[in-house]
Amino acid sequence: MPNARINPSILSADFANLASELERIHTADAVHVDVMDNHFVPNLTLGLPVVDALRKVSKLPIDVHLMIENADRWAPEYAQLGVDSVTFHAEASAAPIRLARELRSAGAKASMALRPATPIEPYLDMLGELDMVLLMTVEPGFGGQKFLDLVLPKIKRARAAIDGSGKPIALQVDGGISRDTILRAAEAGADVFVAGSAVYSAEEPSVEIDVLRNLALGGH
């Protein structure tokens, strides 16, 4: 593993004090912002105005993960806010190639997410349109779930395809990432790790981020 980036999810943060919660994760590589619409997933979180407010106060890059229906309509609006990366779900996009190009033209990195049961193979030909692939290691919608080891073979297949493409595409995993699971995900080929409850439940979130990054690198 030449690289391991930790993007803590603010889904586990104190929403009443988001600015100070960002300071607690200052050692992170980016902040992962989950947007849920209570339709694509059975939960409702924040939207465009809060993401825009976070962008204005965050010293870290903003990594937006859209768990919403009609991604083709809404994802470009998040990119236009000036965030670093926008992730849409393949299952929520009718035209993923066009959408990825729209995100890039708006100045954001284009990322596509897949639910645990969604295969990677139908999307391999469009890897060149993406800056990152996100493989969910839990069913999207709620934090604090148990890591699904059944996704590990898909992570390996995705890593092989990315390496074969020769393009600098990141492979992110999200769900149940902790001290107990991060090395398994890293060994399978992931290089960007979303950790929510594992980071924010720690006494010192900034220290926990360093611990997780070290573990992902094999403890070296």
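Computed from a predicted model, the values in this text were never measured in an experiment. (Residues numbered from 1 in each chain as written. Predicted model: local features only at pLDDT ≥ 70, side-chain atom pairs only at ≥ 80, totals over all residues. Heavy atoms only, no water.)

**Overview of the UniProt feature "binding site: a divalent metal cation" (unreviewed entry) in the protein chain**
Then step 1. Mapped onto the present numbering, the UniProt feature "binding site: a divalent metal cation" (unreviewed entry) falls at His32, Asp34, His65 and Asp174. Across 143 residues, the annotated set stays spatially compact, with a maximum C-alpha separation of 10.6 Å.
Then step 2. When residues no more than four places from it in sequence are discounted, the contact partners of Asp34 are Ser9, Leu11, Thr45, Leu46, His65, Met67 and Asp174.
Then step 3. Side chain to side chain, Asp34 and His32 meet in a polar contact 3.2 Å long.
Then step 4. With respect to the helices and strands, His65 occurs in strand S3 (residues 62-67).
Then step 5. In terms of polar contacts, His65 uses its side chain to reach the side chain of Asp34, at 3.3 Å. (UniProt positions renumbered as here; feature names shortened; annotations may be inferred. Contact = heavy atoms within 4.5 Å. Polar contact = N/O pair within 3.5 Å; in protein donor to acceptor, adjacent residues only side chain to side chain. Helix = DSSP H or I, 4+ residues; strand = E, 2+ residues; numbered from the N terminus.)

**Comments concerning the pattern of salt bridges**
Then step 1. Counting across every chain of the model gives 16 salt bridges.
Then step 2. If you follow the salt bridges from partner to partner, you end up with Asp29, Asp210 and Arg213 in one network. (Salt bridge = Lys/Arg side-chain N within 4 Å of Asp/Glu carboxyl O.)

**A word on the packing of aromatic side chains**
Then step 1. In this structure the tally under the stated criterion is zero aromatic pairs.
Then step 2. Looking at Arg73, its charged tip hangs above the ring of Trp74, at a distance of 4.0 Å from the centre. (Phe/Tyr/Trp six-rings, centres within 6.5 Å; stacked < 30°, edge-to-face > 60°. Lys NZ or Arg CZ within 6 Å of the ring centre and 35° of its normal.)

**Some words on the sheet that holds strand S6 (residues 132-136)**
Then step 1. If you trace the eight strands from one edge of the open sheet to the other, you get S1-S8-S7-S6-S5-S4-S3-S2, paired in parallel fashion. Two strands bound the open sheet, and with one partner strand each, they are strand S1 (5-8) and strand S2 (31-36). The mean angle between the axes of side-by-side strands here comes to 25 degrees, regardless of whether they run parallel or antiparallel.
Then step 2. One ladder, built from three bridges, connects strand S7 (residues 170-174) with strand S8 (residues 192-195); its direction is parallel. Bridging from a neighbouring strand, Val173 pairs with Phe193 of S8. (Pairing = 2+ DSSP bridges. Axes fitted to C-alpha atoms, helices over the stretch in contact; angles between N-to-C directions.)

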